[in-house]
Amino acid sequence: VADDLYSDGYTTCLDQSGGITVAMIDCISDELAAQDARLNAAYKKLGAQLSASRKQQLVAAQRLWVQYRDANCRFYADPDGGTMARVAANECVLRETAERATELDNLGSSPD
């Protein structure tokens, strides 16, 4: 777990999951909701700082990023990989979302 990306609650949840797939997926889903909210806030903050043309570039980049994230993470869900492939696919979406939220936060915090 990338402790710097995720909430303390996520680490605790995973520790308490006992390696049970359904419990792990629940932990991932809860953290994904928090990270998605962080991503959306960072996206809106950054968009508000940009000129109209730069904002269009951000919208285009974000749409492509979502397509990439979804395609990449679907690949983790190997049908022959059992339940751990499902966990890996969900962790992929969480990781990518958290990393993108941090990226957009950083872009919104840096001077133009």
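Here, every reference points to the structure presented above.
Residues numbered from 1 in each chain as written. Predicted model: local features only at pLDDT ≥ 70, side-chain atom pairs only at ≥ 80, totals over all residues. Heavy atoms only, no water.

## Remarks on the state of the cysteines
Logical step 1: Within the structure shown, the criterion is met by two disulfides.
Logical step 2: Disulfide partner of Cys73: Cys92, at an S-S distance of 2.0 Å. Across the S-S bond linking Cys73 and Cys92, the dihedral sits near -70°, which makes this disulfide left-handed. Taken together, the positions of Cys73 in helix α3 (residues 52–76) and Cys92 in helix α4 (residues 82–109) put the pair 19 residues apart, joining distant regions of the chain. The pair formed by Cys73 and Cys92 is uniform in burial state, with each residue classed as buried.
Logical step 3: Each bonded cysteine in the chain gets a number by its place in the sequence, and the pairs come out as 1-2, 3-4. (Disulfide = S-S within 2.5 Å. Helix = DSSP H or I, 4+ residues; strand = E, 2+ residues; numbered from the N terminus. Buried < 20%, exposed > 50% of the residue type's maximum accessible area, 1.4 Å probe, protein only.)

## A short note on the packing of helix α2 (residues 21–49) against α4
Logical step 1: One way to put it is that α2 packs onto α4 with a least axis distance of 8 Å and a crossing angle of 20°. Looking at the two axes, α2 sits roughly parallel to α4. For the pair α2 and α4, the crossing hand works out as left-handed.
Logical step 2: Within the contact of α2 with α4, the residues separate by chemical class into 16 nonpolar, nine polar and eight charged. (Axes fitted to C-alpha atoms, helices over the stretch in contact; angles between N-to-C directions. Parallel < 35°, antiparallel > 145°, perpendicular 65-115°, else oblique. Left-handed = near helix turned anticlockwise from the far one by under 90°. Nonpolar A, V, L, I, M, F, W, Y, C, P; charged D, E, K, R; others polar.)

## Concerning the packing of α3 against α4
Logical step 1: Closest axis-to-axis distance for the α3/α4 pair is 8 Å, and the angle between their directions is 160°. Our classification of the angle between α3 and α4 gives roughly antiparallel. Considering how the two elements wind past one another, α3 and α4 form a crossing that is right-handed. Residues Leu58, Ala61, Gln62, Trp65, Tyr68, Arg69, Asn72, Cys73 and Tyr76 of α3 pack against Ala85, Ala88, Ala89, Cys92, Val93, Arg95, Glu96, Thr97, Arg100 and Leu104 of α4.
Logical step 2: Split into classes, the residues belonging to the contact of α3 with α4 amount to 12 nonpolar, three polar and four charged. (Contact = heavy atoms within 4.5 Å.)

## Points about the pattern of salt bridges
Logical step 1: A complete count under the given rule lists four salt bridges for this structure.
Logical step 2: Asp105 serves as the salt-bridge partner of Arg38, at 3.0 Å between the closest nitrogen and oxygen. Residue Arg38 is located in helix α2, and its partner Asp105 is located in helix α4; the two are separated by 67 residues in the primary sequence.
Logical step 3: On the accessibility criterion, Arg38 (27% relative accessible area) is partly exposed. (Salt bridge = Lys/Arg side-chain N within 4 Å of Asp/Glu carboxyl O.)

## Considering the environment of Glu91
Logical step 1: Following the sequence through the fold, Glu91 ends up in helix α4.
Logical step 2: A residue is classified by how much of its surface remains accessible, and Glu91, at 30% relative accessible area, is partly exposed.
Logical step 3: Glu91 sits 30 residues away from Ala61 along the chain, and the two C-alpha atoms are 22 Å apart.
Logical step 4: Not counting the four nearest positions on each side in its chain, Glu91 is found in contact with Tyr10 and Ile28.

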